[in-house]
Amino acid sequence: MPRTDADGKAGTGLTELLDRLPEGVAVVDAKRVVRFANRAAGALLNAAAEGIEGTVFEPPIVPGQTATAQIRRRAGVVSLVETHAIEIAWEGERAFLVLMRDVTEPRRAELLLRESEERCRSLLEASSEGIVILSGTEILDFSGALEVMTGAGRQDLVGRDVLGLLAEESRE
């Protein structure tokens, strides 16, 4: 069933435009009651957009700042939703325009990357071999054993061309 705009026309104007956005958009009044929500907001909050209008908005509303909340989705899955609120007037009353997006996967990827980097650092520190991590021929990181082998400190090796560590006859 098509949604209607304020002028009563189905599928035209601002409502249709907002429903096409991948980010959730909601208008929430000063009492935290949802006055408008696009489809993405409904999906983030487990309802059809029309289904959350008139309900209490649970995620944090911090005007001018980004906030994060855990939302229990269907089947018990918990998602991390980021909100950003802007104070507005809606139908002559104080309200908030709240932008929402699911940041579960990017945050999970950041965590996995940090954990991977920590494991890599631990392996490098524990190794008795001279190990070098490169980007092209530029040294990005290395094991403590390489520092002992070369007599050079971290500040001397990171960013340096690895070919400079090799004997002249070994560079080809």
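Our structure is the block above this text.
Below is a summary of the structure that appears in this document.

### Thoughts on the side chain of T104
Okay, step 1: In this fold, T104 is placed in helix α4 (residues 104-126).
Okay, step 2: A distance of 2.7 Å separates a polar side-chain atom of T104 from the backbone nitrogen of L80.
Okay, step 3: Here D102 takes part through its side chain, which lies 2.6 Å from a polar atom of the side chain of T104.

### Details of unusual backbone geometry
Okay, step 1: Residues other than glycine seldom take positive phi values, yet R32 does so here, at roughly 70°.
Okay, step 2: On the secondary structure map, R32 appears in the loop between β1 (24-29) and β2 (34-37).
Okay, step 3: Exposure remark for R32: the relative accessible area of 28% places this residue in the partly exposed category.

### What to know about the pattern of salt bridges
Okay, step 1: Enumeration according to the criterion identifies 10 salt bridges in this entry.
Okay, step 2: Between E82 and R107 there is a salt bridge, with the nearest N and O atoms lying 3.1 Å from each other. With E82 in strand β4 (residues 78-90) and R107 in helix α4, this residue pair connects regions lying 25 residues apart in the sequence.
Okay, step 3: For R107, a relative accessible area of 32% puts it in the partly exposed group.
Okay, step 4: Across the pair E105 and R108 runs a salt bridge, and its minimum N-O distance is 2.6 Å. On the criterion of helical spacing, the pair formed by E105 and R108 is a turn pair, its members being three residues apart in helix α4.
Okay, step 5: By relative accessible area, which is 41% here, R108 ends up partly exposed.
Okay, step 6: Each of R121, E125, D141 and R154 takes part in one network of salt bridges that share partners.

### Regarding the nonpolar core
Okay, step 1: In terms of nonpolar packing, the biggest core is built from 16 residues, with V28, F57, I61, V98 and M100 touching the most fellow members.
Okay, step 2: At the level of elements, β1, β2, α2 (39-44), β4 and β5 (93-102) are the ones that each hand at least two residues to this core.
Okay, step 3: Examining the composition of this core, we find that three residues originate from one element, β5, more than from any other.
Okay, step 4: When near neighbours in sequence (up to four residues on either side) are disregarded, I61 contacts V28, R32, A85, F96 and V98.

### As for the sheet that holds β5
Okay, step 1: Strand order in the open sheet made by the five strands is β2-β1-β5-β4-β3, with antiparallel pairing throughout. Edge positions in the sheet fall to β2 and β3 (66-72), since each has one partner strand and no second. With strand direction ignored, the average angle separating the axes of adjacent strands in the sheet is 30°.
Okay, step 2: In this sheet, β5 lies alongside β1 in antiparallel orientation, the contact comprising six bridges.

What counts as what
- Residues numbered from 1 in each chain as written.
- Predicted model: local features only at pLDDT ≥ 70, side-chain atom pairs only at ≥ 80, totals over all residues.
- Heavy atoms only, no water.
- Helix = DSSP H or I, 4+ residues; strand = E, 2+ residues; numbered from the N terminus.
- Polar contact = N/O pair within 3.5 Å; in protein donor to acceptor, adjacent residues only side chain to side chain.
- Buried < 20%, exposed > 50% of the residue type's maximum accessible area, 1.4 Å probe, protein only.
- Salt bridge = Lys/Arg side-chain N within 4 Å of Asp/Glu carboxyl O.
- Core = buried A, V, L, I, M, F, W, Y, C linked by side-chain atoms within 4.5 Å.
- Contact = heavy atoms within 4.5 Å.
- Pairing = 2+ DSSP bridges.
- Axes fitted to C-alpha atoms, helices over the stretch in contact; angles between N-to-C directions.

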